[in-house]
Amino acid sequence: MVAVAIDGPAGAGKSTIAKNAAHELGYIYVDTGAIYRTVALACLENHTDTSDEAAVETLLTTLDISIVFFNGEQHLLLNDRDVSELIRTEEVSMKSSVVAQMPAVRKYLLDLQRGFAKTENVIMDGRDIGTVVLPDAQVKIFLTASAETRARRRVLQLAAQGIKEDYNKILKDITERDYNDTHREIAPLKQAEGSIIVDTSELTLEESQQKIIDIIRECVV
Ligand code: CDP
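What this report covers is the structure whose coordinates are included nearby. Here the residue numbers are simple positions, counted from 1 along each chain's written sequence. Since the coordinates come from a predicted model, pLDDT governs what is reported: local features require at least 70, and pairs of side-chain atoms require 80 or more to be given and counted, while whole-chain, interface and lining totals use all residues. Values shown for side chains rest on all heavy atoms present in the structure; no hydrogens or waters enter the calculation.

1. Quick word on the site of the ligand
Near residues are defined by distance, with any heavy atom within 4 Å of the molecule or strand qualifying the residue. Around the ligand, 19 residues are found, and the nearest of them are Arg37, Arg106, Asp128, Arg177 and Asp181. Between an oxygen atom of the ligand and a side-chain N or O atom of Arg106, the distance comes to 2.8 Å. Using a 1.4 Å probe, the Shrake-Rupley method yields the accessible areas, and only the shown protein chains count as cover for residues. When the ligand is considered free in solution it has 530 Å² of accessible area, and contact with the protein chains removes 97% of it. Counting from the N terminus, the helices are the DSSP runs of H or I reaching at least four residues and the strands are the DSSP runs of E reaching at least two. Those elements giving two or more residues to the shell around the ligand turn out to be helix H2 (33-45), helix H4 (90-99) and helix H8 (167-183). In terms of residue count, H2 provides more of the shell around the ligand than any other element does, 3 residues in total. Whenever a nitrogen or oxygen atom comes within 3.5 Å of another N or O atom, the pair is scored as a polar contact, on the condition that within protein one atom can donate a hydrogen and the other can accept it, and that pairs from neighbouring residues in sequence are kept only if both atoms are in side chains.

2. Focus: the sheet that holds strand S5 (residues 81-82)
The strand order across the open sheet built from 3 strands is S3-S4-S5, with neighbouring strands paired in antiparallel fashion. Each edge of the open sheet is held by one strand with a lone partner, namely strand S3 (65-70) and S5. As paired strands, S3 and strand S4 (residues 73-78) are joined by 6 bridges and run antiparallel to one another. Bridge pairing in S4 places Ser66 opposite Leu77. Contacts between H2 and the sheet are confined to S3, S4 and S5, with S4 contributing the most and set at about 30° to the helix. Paired strands, as defined in this entry, are two strands with at least two bridges between them according to DSSP. It only takes one pair of heavy atoms within 4.5 Å for two residues to be counted as in contact. For helices, the axis comes from a line fit to the C-alpha atoms of the stretch in contact; other axes are also lines fit to C-alpha atoms, and the angle between any two N-to-C directions lies between 0 and 180 degrees.

3. Describing the sheet that holds strand S8 (residues 196-199)
Reading across from one edge, S2-S6-S1-S7-S8 is the order of the 5 strands in this open sheet, with parallel pairing throughout. Because the sheet does not close on itself, it has two edges, and the strands there are strand S2 (28-31) and S8. Averaged over neighbouring strand pairs, the angle between their axes works out to 20° when direction is ignored. Pairing analysis gives 4 bridges linking strand S1 (residues 3-7) to strand S7 (residues 139-144), with the strands arranged parallel. Looking at S7, one finds that Val4 is bridged to Val139. Of the strands in this sheet, S2 and strand S6 (122-126) are in contact with helix H5 (residues 103-119), which crosses S6 at around 160°. The sheet contacts of helix H9 (residues 205-220) involve S1, S6, S7 and S8, and relative to S7 the element is tilted by about 160°.

4. Structural notes on the nonpolar core
One finds Val105, Val122, Met124 and Leu134 to be the most contacted residues of the largest nonpolar core, which totals 37 residues. Broken down by element, the residue count for this core peaks at 8 residues, all from H2. To define a nonpolar core, start from buried Ala, Val, Leu, Ile, Met, Phe, Trp, Tyr and Cys residues and group those joined through side-chain atoms within 4.5 Å. Summary of the burial criterion: residues with accessible area below 20% of their type's maximum are buried, those above 50% are exposed, and those between are partly exposed, where the area comes from a 1.4 Å probe applied to protein chains only. Counting 20 residues, the second largest nonpolar core, distinct from the first, contains Leu25, Ile141, Leu143 and Val198.

5. Comments concerning the packing of H2 against H5
Each pair of packed helices can be described by the angle between their axes along with the distance between the axes. Across the interface, H2 lies against H5 with an axial gap of 11 Å and an inter-helix angle of 135°. With respect to their mutual orientation, H2 and H5 come out oblique. The hand of the H2/H5 crossing is right-handed. Between H2 and H5, the contacting residues are Ile35, Tyr36 and Val39 on the first element and Val105, Arg106, Leu109, Leu112 and Gln113 on the second. Note that Gly is not counted as nonpolar here; it falls among the polar residues with everything else outside the nonpolar set of Ala, Val, Leu, Ile, Met, Phe, Trp, Tyr, Cys and Pro and the charged set of Asp, Glu, Lys and Arg. Grouping the amino acids of the contact of H2 with H5 by side-chain chemistry returns 6 nonpolar, 1 polar and 1 charged. Should an angle lie under 35 degrees it is considered roughly parallel, over 145 roughly antiparallel, and from 65 to 115 roughly perpendicular; all remaining angles are considered oblique. By definition, any crossing whose near helix is turned counterclockwise from its far helix by less than a right angle is left-handed, and any crossing with a clockwise turn is right-handed.

Following this line, the structure appears as structure tokens:
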């Protein structure tokens with residue numbers, strides 16, 4: 001099996017690029033951030049205090065989270081309910097980087113993520129894929145861009161979904177999430193050993209995508 005790990009900060013373009021590259025190469029694409037988002041949504045819906053790790057751990061025992069693919073598109077099921085759209089709000093984004101700091105949450109989600117790479121050629125994106133989830137991945141990419149570029153892209157992405165957000169608020173949120181993700185004790189966001197850095201600040205989506213596909217083809221043939 002071929003495994004491609006793409007890690008990087010919020011809004012670097014990981015999900016769009018990884019999804020299209022997977023389509024082009026015939027691999028499945030797993031967006032691991034969506035799973036953390038699903039835990040965050042469950043906390044919000046159940047009014048679970050996310051400063052209380054024990055409470056989140058208790059909530060986890062009541063959750064059944066699964067990933068299914070409809071026409072090659074990943075969908076997240078929370079207790080059999082499709083929550084793929086509900087997990088995309090800014091409130092869920094911020095909460096996901098809080099629950100992602102908890103060892104119990106990361107442990108709970110690890111096997112779920114590793115399971116895919118056992119039976120399929122995968123491109124998986126997240127924060128700790130090359131470092132923790134799939135340390136033996138044949139290809140490791142660290143995809144990044146300046147915080148300003150990422151905030152601009154996120155505003156446009158939300159606008160396309162009909163959600164209007166202020167650029168300065170999104171920039172502040174992204175900076176806060178970068179801080180949470182790089183400073184947490186467990187599985188912090190960092191460049192995996194042997195990974196190739198791709199900075200997309202000056203690249204269009206098409207250029208970024210082509211670059212990723214070229215890197216993968218070079219590494220796996
Ligand atoms: O799409 P975006 O880049 O905004 O974020 P995401 O990939 O959906 O991830 C949401 C949050 O989940 C991140 O801010 C991380 O805190 C957490 N996450 C993580 O800790 N480890 C992963 N492998 C993926 C996401």
